[in-house]
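Commentary on secondary and tertiary structure
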Amino acid sequence: MMNGALATESVERTVLIVDDNPANLGVIVDHLEDAGLHVSVAQGGEEALKRAQFIQPDLILLDVMMPGIDGFETCRRLKANEATREIPVIFMTALDDIHDKVAAFAAGGVDYVSKPFQVEELLARVITHLELRSARQRLIESELRYRRLFETASDGIVLLDRESGRITDVNPALSEMINLSPSQLLGRTFGETEPFSNNPSCKRVLDELRHRDHVWFEDWILETGRGTSVNVEVNGSVYKAATTTVIQCNLRDITDRKEAEARIRYMALHDALTGLPNRTLFEDRLDNAIAQARRHHGQVAVLMLDLDRFKNINDSLGHHVGDELLEQVAARLRACLRESDTAARLGGDEFAIILPEIASIEDAEIVAKRILEVLQEPFHVEQHELNIGGSIGIARYPDDGTDHGTLLRAADAAMYDAKAQGRGMYRFFSPELNEAAQLRHMLVNDVRHARQRGEFLLYYQPQLSLASHQISGVEALLRWDHPKHGIISPALFIPLLEELGLMSDVGEWVLRTACRQNAEWQAQGLPPMRTAVNLSAQQFYRGNIVKTVARVLEESGLEPKWLELELTETLTLDESETTIEIMNGLKNLGVGLTLDDFGTGWSSLSYLRRFPLDRIKIDRSFMRDVTTHENAAAVVHSILNLAQSLGLTCIAEGVETAEQLQYLKQQLCSEMQGFFFSHPLPAAEMPTLLRAATLAGLSSAESDGTVAPPGAATLAKSAMGK
Ligand SMILES: Nc1nc2c(ncn2[C@@H]2O[C@@H]3COP(=O)(O)O[C@H]4[C@@H](O)[C@H](n5cnc6c(=O)[nH]c(N)nc65)O[C@@H]4COP(=O)(O)O[C@H]3[C@H]2O)c(=O)[nH]1
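These numbers come from a predicted model, not from an experiment.

1. Looking at helix H20 (residues 577–589)
The terminal C-alpha atoms of H20 lie 18 Å apart, and with 13 residues this matches the ideal 18 Å at 1.5 Å per residue to within 8%. Inspection of H20 places Thr579, Ile580, Ile582, Met583, Gly585 and Leu586 among the buried residues, and these make up the whole buried set. With its phi angle positive at about 100°, glycine 590 sits one or two positions after the end of H20.

Shown next, in the form of structure tokens:
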């Protein structure tokens, strides 16, 4: 720096020399310029003031004795002006009087040099003051920068004196965060100021910062003073200032992050649709319940619930209806459980429930009954009134398993057992059910390939006209001839095909095979009759069923009047134009339409008028009780009346006894189907039956109730799945 050079500065510095006789200063100017400074000159006080304002020099060398305003006055005016106040002034004076030196400082000068000058001394003073000015400017800039950061920081910042614990500064973000102005905070300790005083963590931060230079806390909850609170992350640090030690606490509002984390955690553990715990949380809670029960030698019950008819509703009315239905089911489940119980949705229409610490097995039974009861009540989704019901399997800790996996499998097996018993049932697990569960698991894998491997076949069950006593038709019923397990009932594998989305494909195969078979029997000279084929909801709505049926009829050469399509009743819940259009399309082909399982899921009869139906099929659950329960008899009676008034024929299925048959005849039912006459038979056995079965056999059975119709005993033996 010395040797006359401003070593540290890369920018050019300007020195304004004010002297009424600048010619005297030629040497100084040369030296200053040699030192890399830019020099400007003014010849009097007034000119100096203007120039200084205009060129903003970095330093002014100011003569004292000048005509007009003298140096002292010039300096005073420079200091009075905001624009020139900070420019350092060095007086140049011939006076050596102490009074003048004092006056120079009083006027705002930073230094003085006496004439005649010692050039080196002058240069040294100039450069020193330029350096000082630079340093000051840097300091000011740094302070401004820091202030700006402090003022605009999004984190709340509070500074405290470590010694006294008093707040020395707060930034606007902190004031805003806790809704207190700086004046309400400055000079106070945390202990004296809400919301810090009622947060024990605040005291902890200060305590820790007595021994450490840095602390970090995540979960401060601070009241905002607006009736809400913020979750803050605190970074506390200590630094030494000139005379004090400062604690700086940066408070970052992490409320959004915490909420997002909580949401993610919640989503990871809950079912998005119903808000119920998902499988992960369910298993965790079950583990806890088991651990608790183990300690207290208690029992835990696990209930597995599957909704009846849900898949049909989903397929026929769409996923939005299915979703809304699941939400309503979840709400009903919650309502009939205690706080300590857990209801979870494991997927699809599968729910599971934990009853921790049950006193006895009856407790589980009571809950299962209550759940089935509330599910029996109709659900209202959009304009639909939906009747679903459910099936429940129950497993218990410790009897049926001691870990969540075993208990869930046991409850699942029991649930399948309940389903197999009919709708709306609950069943307890028993060890024999394990085998069935294993079989089902295996079937899921095998059923995917069953069609390609040619393992599906059709059985046919005759339908009898009660007026003509002739076989009026057959129902085609799907069977799976499993290479290892033999013939398997559709009740077991059709739900699997539906879950895998394979039912349309298999259904088309059924349709084609049944139509070909019928055409073939007719070609063999057997009396023509209808073949009824079941259509699943999946088949009805996916693809173009009307085109498919038309194509199959054409390929097989079967006249449309010999094909009857059985539609499940849940299809009719959707009275939309699409459903009616598809039904009309089918009807226009010339095929017959039967409403299957009638009476099990209906809620409104209006659809019967809107749909182009030919026949309704009374569900076999009514037939079972028709001769023993008045209610069932009343239902069958009303169905028959209703059908008659609408001009529809009626077929009763599940007829197993002569009494039931007698009843139907009395009630003028048109047709019947059931084990009493024949079980479903392989296609090869049908021609014999078609030729032999006559009313003669049927009449003999009616007369004494013991004599089976011709061939019935043998037929019974070959019946599958029943
Ligand atoms: N207890 C009793 N049962 C009797 C009696 N007479 C007949 N059954 C049984 O009742 C069912 C009648 O068929 P569904 O109601 O259409 O019910 C059928 C139908 O919904 C479905 N299904 C069968 N084949 C097909 C198919 O090709 N496509 C579709 N979509 N569903 C099918 O599987 C269900 C069960 O079929 P299966 O096990 O063959 O069971 C048949 C039949 O074996 C009786 O007197 N007593």
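Still to come is the rest of the account.
2. Overview of the nonpolar core
The nonpolar side chains of a soluble globular protein tend to be buried with one another. In terms of nonpolar packing, the biggest core is built from 80 residues, with Phe456, Val549, Leu563, Leu565, Leu586, Ile616 and Met672 touching the most fellow members. If near-sequence neighbours (up to four positions away) are discounted, leucine 565 is found in contact with Leu511, Val533, Leu535, Val549, Leu586, Val591, Gly592, Leu593 and Thr594. Within the second largest apolar cluster, 34 residues are counted, among which are Leu333, Cys336, Phe351 and Ile388.

3. Points about the pairing of strand E1 (residues 13–18)
Counting buried positions along E1 gives six out of six residues, so the element sits mostly inside the fold. Residues Arg13, Val15 and Ile17 point to one face of E1 and Thr14, Leu16 and Val18 to the other, with burial holding for every one of them. As defined by bridge partners, E1 adjoins strand E2 (residues 37–42) across six bridges and the pair is classed as parallel. In the sheet register, leucine 16 faces E2, and the bridge partner there is serine 40. As paired strands, E1 and strand E3 (residues 59–63) are joined by four bridges and run parallel to one another. Across the sheet, leucine 16 pairs through a bridge with isoleucine 60, a residue of E3.

4. Concerning the packing of aromatic side chains
Per the counting criterion, the structure on display carries 11 aromatic pairs. With 6.3 Å between their ring centres and 55° between their planes, phenylalanine 456 and tryptophan 480 make a pair best called tilted. Of this pair, phenylalanine 456 sits in strand E18 (residues 456–465) while tryptophan 480 sits in strand E19 (residues 471–482); the two residues are 24 residues apart in sequence, bridging distant segments of the chain. One exposure class covers both phenylalanine 456 and tryptophan 480, and it is buried. When the ring of tryptophan 480 is compared with that of phenylalanine 493, the centres are 5.7 Å apart and the planes differ by 80°; the resulting orientation is edge-to-face. Here tryptophan 480 is found in strand E19, whereas its partner phenylalanine 493 is found in helix H16 (residues 490–499), with 13 residues between them in sequence. Each member of the pair, tryptophan 480 as well as phenylalanine 493, carries the same accessibility label: buried. Of the aromatic side chains, those joined through ring pairs into one cluster are Phe456, Trp480, Phe493 and Trp509.

5. Remarks on a negative patch on the surface
Taken together, the side chains of Asp323, Glu324, Glu327 and Glu382 make up a negatively charged region of the molecular surface. The residue glutamate 327 is located in helix H12 (residues 319–335) in this model. Looking at glutamate 327, the relative accessible area reads 34%, which means it is partly exposed.

6. Section: the packing of helix H14 (residues 404–420) against helix H15 (residues 433–447)
The contact between H14 and H15 brings their axes to 9 Å, and the two run at 90°. The angle between H14 and H15 places the two elements in the roughly perpendicular class. Counting all contacts with H14, which are made through Asp412, Ala413, Ala414, Tyr416 and Asp417, the residues of H15 involved are Leu433, Ala437 and Arg440. Residues belonging to the contact of H14 with H15 are distributed by class as follows: five nonpolar, no polar and three charged.

7. Here's the deal with empty space enclosed by the protein
Evaluated as defined, the whole model comprises one cavity of 30 Å³ or more. In this structure, the largest cavity spans a volume of roughly 40 Å³. Considering the residues around the largest cavity, the lining is formed by Val64, Phe72, Phe91, Thr93, Asp100, Lys101, Ala104 and Tyr112. Mapped by element, the contributors of at least two residues to the lining of the largest cavity are strand E4 (89–93) and helix H4 (98–106). When residues in the lining of the largest cavity are grouped by element, the largest group, three residues, is from H4. Looking at the lining of the largest cavity, its residues break down into five nonpolar, one polar and two charged.

8. Looking at the sheet that holds strand E12 (residues 342–347)
Judged by pairing direction, the sheet is mixed, and its five strands sit side by side in the order E12-E13-E11-E16-E17 without closing on themselves. The open sheet terminates on both sides in strands that have one partner only, identified here as E12 and strand E17 (426–428). Pairs of neighbouring strands in the sheet enclose a mean axial angle of 20°, with direction left out of account. Direction of pairing for strand E11 (residues 299–307) relative to strand E16 (residues 390–397): antiparallel, over a ladder of eight bridges. Bridge assignment links aspartate 306 to a residue of E16, and that residue is serine 391. The strands touched by helix H10 (residues 279–296) within the sheet are E11, E12, strand E13 (350–358) and E16, with E13 carrying the most contacts at an inclination of about 20°. Sheet strands in contact with H14 are E11, E12, E13, E16 and E17, and its direction is about 145° off that of E16.

9. Details of the site of the ligand
Around the ligand sit 24 residues, and of these Gln461, Glu475, Arg479, Glu656 and Phe675 come closest. The contact in question runs from an oxygen atom of the ligand to an N or O atom on the side chain of asparagine 534, over 3.0 Å. Expressed as a share of its isolated accessible area of 790 Å², the protein-covered part of the ligand is 88%. Elements that contribute at least two residues to the shell around the ligand include exactly E19, H16, helix H17 (503–523) and strand E23 (592–598). With four residues, E19 is the single largest residue contributor to the shell around the ligand. For the shell around the ligand, the residue count by class is nine nonpolar, six polar and nine charged.

10. Here's the deal with the sheet that holds strand E6 (residues 156–161)
Within the open sheet, the five strands sit side by side as E7-E6-E10-E9-E8. Their pairing is antiparallel. If you trace the sheet from one side to the other, it starts and ends with strand E7 (167–170) and strand E8 (214–223), each paired once. Adjacent strand axes in the sheet meet at a mean angle of 25°, parallel and antiparallel pairs treated alike. In terms of strand pairing, E8 meets strand E9 (residues 229–240) through eight bridges, oriented antiparallel. Bridge assignment links isoleucine 221 to a residue of E9, and that residue is asparagine 231. Strand contacts of helix H9 (residues 255–269): E8, E9 and strand E10 (245–253), with the helix running at about 125° to E9, the strand carrying the most contacts.

11. Structural notes on the layout of surface pockets
As a volume, the second largest pocket reaches approximately 250 Å³. The wall of the second largest pocket is formed by 16 residues, among which Glu86, Ile87, Pro88, Arg133 and Arg136 lie closest to the centre. Each residue belonging to the lining of the second largest pocket can be placed in one class, and the counts come to six nonpolar, four polar and six charged.

12. Some points on the side chain of glutamate 233
Looking at where glutamate 233 falls in the secondary structure, it is placed in strand E9. With a relative accessible area of 10%, glutamate 233 lands in the buried category. A distance of 3.3 Å separates the side chain of glutamate 233 from the side chain of arginine 257, its partner in a polar contact.

13. Describing the environment of alanine 632
In this fold, alanine 632 is placed in helix H23 (residues 630–645). Between the C-alpha atom of alanine 632 and that of phenylalanine 622, which follows or precedes it by 10 residues, the distance is 5.4 Å. The residues contacting alanine 632, other than those within four sequence positions of it, are Phe622, Asp625 and Val626.

14. A closer look at the pattern of salt bridges
This model, assessed by the stated rule, comprises 44 salt bridges. Arginine 147 is paired through a salt bridge with aspartate 169; the nearest N and O atoms lie 2.5 Å apart. Here aspartate 169 lies in strand E7 and arginine 147 lies in helix H5 (residues 119–152), a separation of 22 residues in the sequence. Judged by its relative accessible area of 26%, arginine 147 falls in the partly exposed class. A residue is classified by how much of its surface remains accessible, and aspartate 169, at 15% relative accessible area, is buried. A salt bridge links arginine 396 to aspartate 400; its shortest N-O distance comes to 3.7 Å. The pair arginine 396 / aspartate 400 is uniform in exposure class, with both members buried.

Thresholds applied
- Residues numbered from 1 in each chain as written.
- Predicted model: local features only at pLDDT ≥ 70, side-chain atom pairs only at ≥ 80, totals over all residues.
- Heavy atoms only, no water.
- Helix = DSSP H or I, 4+ residues; strand = E, 2+ residues; numbered from the N terminus.
- Expected span 1.5 Å × (residues − 1).
- Buried < 20%, exposed > 50% of the residue type's maximum accessible area, 1.4 Å probe, protein only.
- Core = buried A, V, L, I, M, F, W, Y, C linked by side-chain atoms within 4.5 Å.
- Contact = heavy atoms within 4.5 Å.
- Pairing = 2+ DSSP bridges.
- Phe/Tyr/Trp six-rings, centres within 6.5 Å; stacked < 30°, edge-to-face > 60°.
- Patch = residues over 30% accessible without salt bridge, like charges linked within 9 Å, V, L, I, M, F, W, Y side chains within 5 Å.
- Areas by Shrake-Rupley, 256 points an atom, 1.4 Å probe, with all protein chains shown as cover.
- Salt bridge = Lys/Arg side-chain N within 4 Å of Asp/Glu carboxyl O.
- Lys, Arg positive; Asp, Glu negative; His and termini not counted.
- Charge placed at Lys NZ, Arg CZ, Asp CG, Glu CD.
- Axes fitted to C-alpha atoms, helices over the stretch in contact; angles between N-to-C directions.
- Parallel < 35°, antiparallel > 145°, perpendicular 65-115°, else oblique.
- Nonpolar A, V, L, I, M, F, W, Y, C, P; charged D, E, K, R; others polar.
- 1 Å grid on protein atoms, 1.4 Å probe; cavity = no way out; pocket = protein on both sides within 12 Å on 5 of 7 lines; lining within 4 Å.
- Points joined across faces, edges and corners; volume = space filled by probe spheres on them.
- Near = heavy atom within 4 Å.
- Polar contact = N/O pair within 3.5 Å; in protein donor to acceptor, adjacent residues only side chain to side chain.

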